[in-house]
Amino acid sequence: MFTEISQLRYQGTVGREYIWQSVEDSSCLLAGAILGSQVLRVRLVRSAKLDESRYQIPDGGTGTLPYHSWIVARGDEQWPTAGHLQEDAVHSILEPYLHGWSIAPDMLRLTRPLASEERIFGLGERTGSMNKRGQAFPIWNLDPPQGYGPQTVTMYTSIPFYLGLTQADGRAYGVLVDHTGRIDADMGQSNASAASMAVRGDSLVAYFFTGPSAAQVLSQYTELTGRMPLPPRWSIGHHQCRWSYLSEEQVRQVAAITRERNHPCDSIWLDIDYMDGYRNFTWNPTTFPDPERLINDLRAQGIQLVTIIDPGTKIDEHYTVYQQGLEHDYFCRYQDGKLFIGNVWPGACVFPDYSQSKVRAWWGNLYGSLLEQGVAGIWNDMNEPTLTNMMLKEKPVDATELNTMDDEVLHRAGGEQRTGIDGPPTLHKFFHNAYGMEMARSTYEGLLRLRPNSRPFVLTRSGTAGVQRYAGLWTGDNTSQWYDILMAMPMCLNLGMSGVAFVGVDIGGFWGTSNGELLLRFAQLAALMPFCRNHNAANNPFQEPWAFGEPFESAYRKAIEARYRLMPYLYTLFHEAASNGTPIMRPLYYHYPQDEQAGDIEDAFLVGESLLSAPIYEQGATSRPVYLPAGTWIDYWTGDEYPGDGWSEIPAPLDRWPLLIRGDSILPTGPLMQYTGQYPTDPLTLTCYMTSDGLATYTLYQDDGNSQAYQKGTFAHTDISCRVFQDFVTVEIEEHFDKYRPPRKEYEIILHVGGKTLRQKEPTGQGKIVIRL
Ligand code: GLC
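Residues numbered from 1 in each chain as written. Predicted model: local features only at pLDDT ≥ 70, side-chain atom pairs only at ≥ 80, totals over all residues. Heavy atoms only, no water.

Summarise the overall build of the chain; cite the residues concerned and give the values.
Tallying secondary structure elements over the chain gives 15 helices and 47 strands in all. Taking 773 residues into account, the globule formula puts the C-alpha radius of gyration at 28 Å, and the chain, at 26 Å, falls close to it. On the principal axes, the C-alpha backbone points of the chain span a range of 75 × 70 × 50 Å. Taking all 773 residues of the chain together, the buried fraction comes to 63%. Considering only residue pairs separated by 6 or more positions, the chain has 68% of its internal contacts joining residues 24 or more positions apart. When the accessible area of the chain is evaluated, it comes to approximately 26,900 Å², of which 49% is carbon and sulfur surface. The chain carries 63 positive and 89 negative side-chain charges, and their two centres are separated by 3 Å. (Helix = DSSP H or I, 4+ residues; strand = E, 2+ residues; numbered from the N terminus. Rg over C-alpha atoms; globule rule 2.2 N^0.38 Å. Buried < 20%, exposed > 50% of the residue type's maximum accessible area, 1.4 Å probe, protein only. Contact = heavy atoms within 4.5 Å. Areas by Shrake-Rupley, 256 points an atom, 1.4 Å probe, with all protein chains shown as cover. Lys, Arg positive; Asp, Glu negative; His and termini not counted. Charge placed at Lys NZ, Arg CZ, Asp CG, Glu CD.)

Set out below in structure tokens:
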């Protein structure tokens, strides 16, 4: 039974926090803080007096918090102070957030009002409808039972952040509950006019983001939880994976076919079978006798190699990783010192305690040998963590309840050093949702330490709020069925609206048997998703791009070729995500918040502001209705124009899908490449899709694609604008190349206006080009 805290007695300040005591229960305090002008924090603490310790934030910077967090990456000191505010002013700013807090003997709950027409988005990786209003679910990372679908309660990554949007005025706000234990979220199910989040324990911390636009909410949220660093450009290409390519010969064969048949591709991935008995950081000496030679040969063809690493460490006295971990006491134990043991691929395993800096550093350094051999990126899987069975537990096997670490395992974190970056020791039940993220962090930081001038590429399956700082994410084990194409969209859109921009799904479907048409439509879906990888479960028929012959193979190639041509556009969006937390794949409401219809669309998405992709998810379909927001929209493939603010039936024969460009947009494209770094982007094609009297502007971002130099300003911006007059059009180009000069000699300008298409080539350089109509 929860008791609401309804009467408060103001007590004064401690540091940046304003403290109120509950009149109902004097052992409960509310502490509010104003961070910058748009972020507020209120925490409910079950304690009669505030502990005045300051805790370092996870990134080890100079910032601190009054409590320990795995999620927050910006300390209180790093926010601008709101100037000197009178106490009255502070109280009235915080006042709206001091309501809706309640306590029960072992739980704390925050309840926020929901306006009648408000929609709820975000909340990480979840199946079901995009708008989470009316749903209740646990926030608790789990490997769901095989074949997840709309009824699945929880997935590999959950994020306790939501964004509320009111269509009438287009206003948005955000709420984050900073907690990595289980949260019971109720987004208006038990009470239609309230959203609540309840946690166990003695502290409930919430951050409030005032927006007022969805873009501002995400910018504020990612200012707090961190942003995705730019990944290496090759990781934005097409990836080819399978559980598993079983030998060096098989990998070489896949690479050879990929190149022979001109399927653009940047990497091949090795799933668990490359290892020696599923021991992390080893190679099977028979099937992969000379990884270095293999990797060099692949790289000569423009193909990078990515390897999987899971947390489960095989119990084997002759295995050095196990020996080292045991010797230094790096594995998770119960409070009484007993090792936690669970079954994964190698059989009985122990699990690194990633809550400890020294364990993360050790694990991160283990990647050294893979990197020396030339491995380009790392895939972290099974890091919820997932156990393949519960042989070591007496309790009955219940796939969703018991396939993870025991609640009572103790993560030792900072040990005695409780105010340091790892914080105080914590039971697994309070650390659980951070386990996967801290593994990804250990990988990311390891790669960065080992190769300081390269951008790490890490893909993770599990994470929580803040995981974008370390890794991209895919939605795990989907199924080869039509519904999974549809389901992928709201799931990835909500991940983007939870700060995780680099997301994608297994092309072709993981479980089950794919077919030519399904695989192709999956490829068309993923062609414009941030992460683009073909992957398939063990023992399933092959589903590489060529697997089902024509006409599917050519159509698959064509979809991925479009991605590669659009690389300058996509890469610029990655940069935008890295700078502002902006999603790459955006729900329609993101740019059209007041468009009622746009708020409901979850079977199409925007890629940046200018492209709208509406994949086909029905067998045999050769067209589909697409809702186009206000404006004019142009078919990418045919140049046909469609009016906005309504529905249009758009043709989608097998070799294309509805892909529309918003009128008055400039789309940058490059020459077709078989891998992202094959040639310089020269000529840079600027296609201006114009309406009469239209004006379009665009800023292209470019850098070397792989190093950290961009962090120090080594990048180029090209500003382009296009304006349509009565009988001529001007295209103006401004080059900002002081620190980085993109290797190009030529611009190709293509102008679509009034049913005409005009082309013109110009040498690089700034200036105004006048095109007569
Ligand atoms: C998990 C992953 C999947 C991988 C498999 C074997 O099911 O989600 O992608 O192929 O494990 O490693």
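Which residues make up the nonpolar core, and what are the values?
The biggest cluster of nonpolar side chains holds 187 residues, and the ones touching the most others in it are Tyr207 and Trp363. Ranked by the residues each element gives to this core, the list is headed by helix 13 (residues 567-580), at 8 residues. In contact with Trp363, other than residues within four places in its own chain, are Asn280, Phe281, Ile309, Asp310, Pro311, Thr313, Val321, Pro352, Tyr354, Met439, Ser442 and Thr443. Trp20, Trp101, Val175 and Met187 belong to the second-largest nonpolar core, a separate cluster that totals 34 residues. (Core = buried A, V, L, I, M, F, W, Y, C linked by side-chain atoms within 4.5 Å.)

Explain the pattern of salt bridges to me, using residue names and the numbers behind them.
What the rule picks out here adds up to 39 salt bridges. One salt bridge connects Arg461 with Asp477, and the closest N-O pair in it is separated by 3.9 Å. Of this pair, Arg461 sits in the loop between strand 27 (458-460) and strand 28 (472-474) while Asp477 sits in the loop between strand 28 and helix 10 (482-496), placing them 16 residues apart in sequence. Pair check on accessibility: Arg461 and Asp477 agree, each one buried. Here the salt bridges share partners, and the residues they tie into one network are Glu17, Arg41, Arg43, Arg54, Asp76 and Glu77. (Salt bridge = Lys/Arg side-chain N within 4 Å of Asp/Glu carboxyl O.)

Pulling in residues and values, what's your account of the packing of helix 10 against helix 11 (residues 516-526)?
The interhelical angle for the contact between helix 10 and helix 11, taken along N-to-C directions, is 10 degrees, at an axis separation of 9 Å. By the angle class used here, helix 10 and helix 11 are roughly parallel. Along its contact with helix 10, which presents Trp482, Asp484, Ile485, Ala488 and Met489, the element helix 11 presents Glu517, Leu518, Arg521, Phe522 and Leu525. Counted by class, the contact of helix 10 with helix 11 contains 7 nonpolar, no polar and 3 charged residues. (Axes fitted to C-alpha atoms, helices over the stretch in contact; angles between N-to-C directions. Parallel < 35°, antiparallel > 145°, perpendicular 65-115°, else oblique. Nonpolar A, V, L, I, M, F, W, Y, C, P; charged D, E, K, R; others polar.)

Tell me what's going on with the site of the ligand, and back it up with residues and numbers.
Every residue lining the ligand is accounted for by Trp243, Asp271, Ile272, Ile308, Trp345, Trp379, Asp381, Arg461, Trp474, Asp477, Phe510 and His535. Side-chain polar atom of Arg461 to an oxygen atom of the ligand: 2.8 Å apart, as the coordinates give it. Contact distances for the ligand include 2.5 Å between an oxygen atom and a side-chain N or O atom of Asp477. For the ligand, whose free accessible area comes to 300 Å², the fraction covered by protein is 98%. (Near = heavy atom within 4 Å. Polar contact = N/O pair within 3.5 Å; in protein donor to acceptor, adjacent residues only side chain to side chain.)

Now, about the packing of aromatic side chains: what can you tell me, with residues and values included?
The description of an aromatic ring pair rests on the distance of the ring centres and on the angle between the ring planes. Inspection of every chain in the model, using the stated rule, returns 42 aromatic pairs. For the ring pair Trp269 and Trp379, a centre distance of 5.5 Å and an interplane angle of 65 degrees mean the geometry is edge-to-face. Of this pair, Trp269 sits in strand 18 (residues 267-270) while Trp379 sits in strand 24 (residues 377-380); the two residues are 110 residues apart in sequence, bridging distant segments of the chain. For Trp269, a relative accessible area of 0% puts it in the buried group. A relative accessible area of 1% places Trp379 in the buried class. Measuring from centroid to centroid gives 5.8 Å for Trp283 and Phe288, while their planes differ by 50 degrees, and the two rings are tilted. (Phe/Tyr/Trp six-rings, centres within 6.5 Å; stacked < 30°, edge-to-face > 60°.)

Outline the environment of Val350, listing residues and values.
Position of Val350 among the secondary structure elements: in strand 23 (residues 347-350). For Val350 and Asn453, which are 103 residues apart along the polypeptide, the C-alpha to C-alpha distance reads 33 Å. With sequence-adjacent residues up to four places away left out, Val350 is seen in contact with Pro311, Gly312, Thr313, Ile315, Tyr322, Phe331, Leu339, Phe340 and Ile341.

Can you break down the sheet that holds strand 33 (residues 605-607) residue by residue, with the values?
In space, the 6 strands of this open sheet follow the order 32-33-34-39-36-37, with antiparallel pairing throughout. At either margin of the open sheet sits one strand with a lone partner, and together these are strand 32 (585-586) and strand 37 (641-643). Pairing between strand 36 (residues 632-635) and strand 37: 3 bridges, direction antiparallel. For Trp633, the partnering residue across the bridge sits in strand 37 and is Tyr642. In the packing of helix 13 onto the sheet, contacts are made with strand 32, strand 33 and strand 34 (611-613), and the angle to strand 33 comes to roughly 95 degrees. (Pairing = 2+ DSSP bridges.)

Residues and numbers for the environment of Glu292, please.
Examined against the element boundaries, Glu292 turns out to sit in helix 4 (residues 291-300). We classify Glu292 as partly exposed; its relative accessible area is 42%. The sequence separation of Glu292 and Leu370 amounts to 78 residues, and the corresponding C-alpha distance is 9.1 Å. Apart from residues lying up to four places away in sequence, Glu292 is in contact with Glu372 and Gln373.

Before we move on, could you go through the sheet that holds strand 47 (residues 767-772) and cite the residues and values that matter?
As summarised here, the arrangement of the 4 strands in space is 42-43-44-47, forming an open sheet in which the pairing is antiparallel. Unpaired on one side and paired on the other, strand 42 (695-702) and strand 47 mark the two borders of the sheet. Ignoring which end each strand starts from, the neighbouring axes of this sheet average 15 degrees apart. Both strand 44 (residues 728-736) and strand 47 contribute to a ladder of 6 bridges, which runs antiparallel. Bridged to Ile733 within strand 47 is Gly767. Docked against the sheet, helix 13 engages strand 42 and strand 43 (716-724), running at close to 75 degrees with respect to strand 42.

Residues and numbers for the layout of surface pockets, please.
Size it by volume and the largest pocket reaches roughly 840 Å³. Taken together, 30 residues form the lining of the largest pocket, with Tyr67, His68, Asp202, Ser203 and Pro424 sitting closest to its centre. Those elements that place two or more of their residues in the lining of the largest pocket are strand 5 (39-45), strand 16 (203-209), strand 26 (426-427) and helix 8 (428-431). For the lining of the largest pocket, the per-class residue count stands at 14 nonpolar, 8 polar and 8 charged. (1 Å grid on protein atoms, 1.4 Å probe; cavity = no way out; pocket = protein on both sides within 12 Å on 5 of 7 lines; lining within 4 Å. Points joined across faces, edges and corners; volume = space filled by probe spheres on them.)

Let's hear about the confidence of the model for the chain: which residues, and what values?
Considering every residue of the chain, the mean pLDDT works out to 96; 98% of them sit at 70 or more. Scored below 50 in pLDDT, residues 391-400 makes 11 contacts in the model with residues more than four places away or belonging to other chains. (pLDDT = per-residue confidence, 0-100.)

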